[in-house]
Every structure is written in C-alpha cells, then in structure tokens.
Amino acid sequence: MRKKIHYLNYRILIPYLLLVIFGIIMVYSASSDILLVNGFKPSAYGVRQAIYALVAILFFALPFFTLKLDLFKNTKFVAWFLGISIVLLLYLFVLKIVRGSAAAVNGAVGWIDLKIIKIQPLEVAKLALVIYLAFFLDRHDGSFNSGHIIENLLRPGIVAIFMMFLVFMEPDAGGTAILAMIVIVMFSVSGMPTKNALTCLFGIGLGVFLLVFLVIHWNPKFLQNSYQYQRFMSFLHPFELQQKGGAQLVNSYYAIHNGGLFGVGLGNSMQKRGYLPEPYTDFILAIAAEEIGVLGAVLVLGLLFYLMWQIMEVGIKAVSQFDALVCFGVTTIIFTETLFNVGAVLGLLPITGVTLPFISYGGSSMIVLSAAIGLVLNISANEKIKIEEGVLSHER
C-alpha cells in the first residue's frame, strides 16, 4: 500500500476528485428547488451524491488501487465478475417479461431496487466487459493476424452480443451503443488489422444510418406509441412536439441560452425549477451551462477530456497488453458516455438517458467509474514500479 501510494498518478487522481466534487455541488444545486417544492429537504440528493462518492472512493476506488493486479487477470475472478453482470442483466430481462411496463422507469427496465440504492446492471456490465475482453485478448495476443480473425474473436464476440441484446431489450439503445463501442475499440487495439476494424465500424455506422432513415420515412404505426420512438421523434422535432416529449430538449436550449458565456450564478438557474425534467441526471450539463456559463461548462468538459487523455497515456506506455487494453476500455466508457450526454444536451444526438460521468446523480455509475479509476491508478503505479525495478536491475 505504502509503496503504491508513492507511485500514485496525481494527473489522474486530481481531475477525478475535482469532477466528483463538482458533481456533488451541481447535483445539490440542480435538485434543491424541486425537492423543496415537493416537501423534502433541499439537500437530500446532494447529501446522497456525497455519500455515493465517499462509498465509491473508500470501498471501490481504493481497493481496486491496492489489490494485486494478478487478481484481475485471474480466470476465476474474470469469470465470476462477468457472470454476475450477465445474471443481473438476465434478471432485468425476466422482470421485463413478467411485469412488463409496470416495472419500467422512463420507458425502460434498467434498475434493480434494493431500497437503499438502485443498482443499474448496465454499469457493472461495462466494466465487466472491459476486464473480460482485456483478459481474453491478452491471452490470445498476436493471434489476430493469422487469417483466422473471425474464428479467434468468435467467443468474446458472442458474449458481447448477448450482453448487448439483454441491454437493448430493456430497452436501452444508449447502453447498447456504449457496449458496442467498447468491443470495437478493444478489438481494434488488440492486434486486429486496421482495415478490418474500419470495415466493421463503417458497416455498423451504415446499418444505423439506414435504420434511422427507414424509421423516419416509413413512420411505422406499431412504433408510434413506444416511449423510445416518441423520444426519437422529439429529438428530430423538439419545438413541434414540445408537449409530447420535446420539452426536455427545448428547455435544455433555454438553459444554455440563459447562461450565456459566464452564467447567471451558481444556484440561480430558472430551468431547474420545474421546467427541465429531472435536471440533476442526464441534463445536469444544461443546468451547469446556465449557472456557470458556457465557458464554465467547457472547462468541466475539458477536465473530463484531460482525464481521458491521462488514462490513454498510461495505456499507451503500458508494457502489459492487459494493462493497455483495460486503459483503452475505461477511456472508451468515459468518452462514449460524455459524447452521448453532450450530444443529447445540445440536440445533436437522440436523448438516450446516458449520464455525464462523475457529475450526474447516481450511485451505480459513480461506484463503477470509481472502481475503474482505481484500477487504472493501480496499473499506472505498477508500470512505474516495473520501470524503476528494471532500471535498478540494469544498473546492477
């Protein structure tokens, strides 16, 4: 423990802690008015977010930093972690079949309510998939240029597709896309020829484009009453459908416009007072832009991208294939979540309910992302120790 702390990567730790602290402040600011109007303590969600952050740091980030890295490369650990995540997803799948829409929250069955905390299995599945793919691809390092790429990637591909299917059936298109991005990126950096990776990416992109084009122009009746279809149409025509689902995006625009460059001041947002639904979750960035301005929001996003770059740098410099793949996978999670969240807030992408990493309200996301950061810090410390021991050995 003491040895690892000496090699702690502060270029990752400090941005992570700053983002978590800013998230606690913004959750309190974005939720206090709504809570007060409904007869609750205005600090309730802010305090909960602080507790989530404390639990995440002490019981997940710290252990993932201090544990031996060999544990994460252990077959039994990887199998159990992956198995638990799949079982949780299967539980939601069965729950949706048995209870149907009665179990849905905002059109999707994505949470397991344990009273104290709601677990979102998708969050667990993201990190489990990263560790599983890193483990598998590290074991098969160098075998993807032999002309048997499909054969070699078949087993992890089937596992990933099965997980994506379960998430898609919740239904959660955003979560499915994040899992798909993890697979594409990790396959691409594991030794798969660039041509194959780009072909796969182009094929997926073309398929999504054709599907969207078909839905827009066909306008099928059997989809028109679904929550997800209405959200998609609200993304295309937010002002025309303001009373049928477009209000969230419209009020996001108003919040950003009201804030201008420098904001109206922390705690002074108007859109959080009943205009923007659940402003402390996936649209917390709009409230931040209104209160601290566009420049302030850009600085926050800049800090997020700085964190991603530092994690990527650890992966690029890593000697171990497993370590590098984990870093690339964690970066993909944070980047894709940020991309989908910012895209939804700005109206550039459909609203999928993807939260802003470390800032939006939620225990599951905070805990899993903190565990991921702890693992990356562990990898960074061990790589530094390896380099130092190698230098000392050479000098002797």
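How each quantity is defined
Residues numbered from 1 in each chain as written. Predicted model: local features only at pLDDT ≥ 70, side-chain atom pairs only at ≥ 80, totals over all residues. Heavy atoms only, no water. Helix = DSSP H or I, 4+ residues; strand = E, 2+ residues; numbered from the N terminus. Buried < 20%, exposed > 50% of the residue type's maximum accessible area, 1.4 Å probe, protein only. Contact = heavy atoms within 4.5 Å. Areas by Shrake-Rupley, 256 points an atom, 1.4 Å probe, with all protein chains shown as cover. Salt bridge = Lys/Arg side-chain N within 4 Å of Asp/Glu carboxyl O. Polar contact = N/O pair within 3.5 Å; in protein donor to acceptor, adjacent residues only side chain to side chain.

Undergrad: Even after reading the chapter, I still don't get the overall build of the chain, so can you show me in this structure?
TA: The secondary structure content of the chain amounts to 14 helices and two strands. Here the chain, with 396 residues, has 49% of them falling under the buried criterion. Put simply, 74% of the contacts in the chain that link residues at least 6 apart link residues at least 24 apart. When the accessible surface of the chain is split by element, carbon and sulfur atoms take 69% of a total near 19600 Å².

Undergrad: Please explain the pattern of salt bridges as it appears in this structure.
TA: Pairs may arise between side chains of opposite charge once their charged atoms sit close together. The final tally for this structure, using the stated rule, is six salt bridges. Between Glu313 and Lys317 there is a salt bridge whose closest N-O contact spans 3.3 Å. Taken as a pair, Glu313 and Lys317 lie in helix α12 (residues 284-317) at a separation of four residues, close to a single helical turn. The buried category is assigned to Glu313, whose relative accessible area is 18%.

Undergrad: Before we go on, may I ask you to explain unusual backbone geometry in this structure?
TA: Across residues other than glycine, the phi torsion is negative in most instances, and most of the peptide bonds are trans. Not every positive phi belongs to a glycine, and Glu278 is a case in point at roughly 40°. In this structure, Glu278 sits in the loop between α11 (247-259) and α12. Given a relative accessible area of 38%, Glu278 falls into the partly exposed group. Of note, the phi angle at Phe358 is positive, near 70°, even though the residue is not glycine. Among the structural elements, Phe358 can be located in the loop between α13 (321-345) and α14 (363-395).

Undergrad: I'm lost on the side chain of Ser364 in this one. Help?
TA: Following the sequence through the fold, Ser364 ends up in helix α14. A polar contact of 2.9 Å, which involves the side chain of Ser364, links it to the backbone nitrogen of Gln120. Each residue touching Ser364, except ones within four places of it in the same chain, is listed here: Lys118, Ile119, Gln120 and Glu123.

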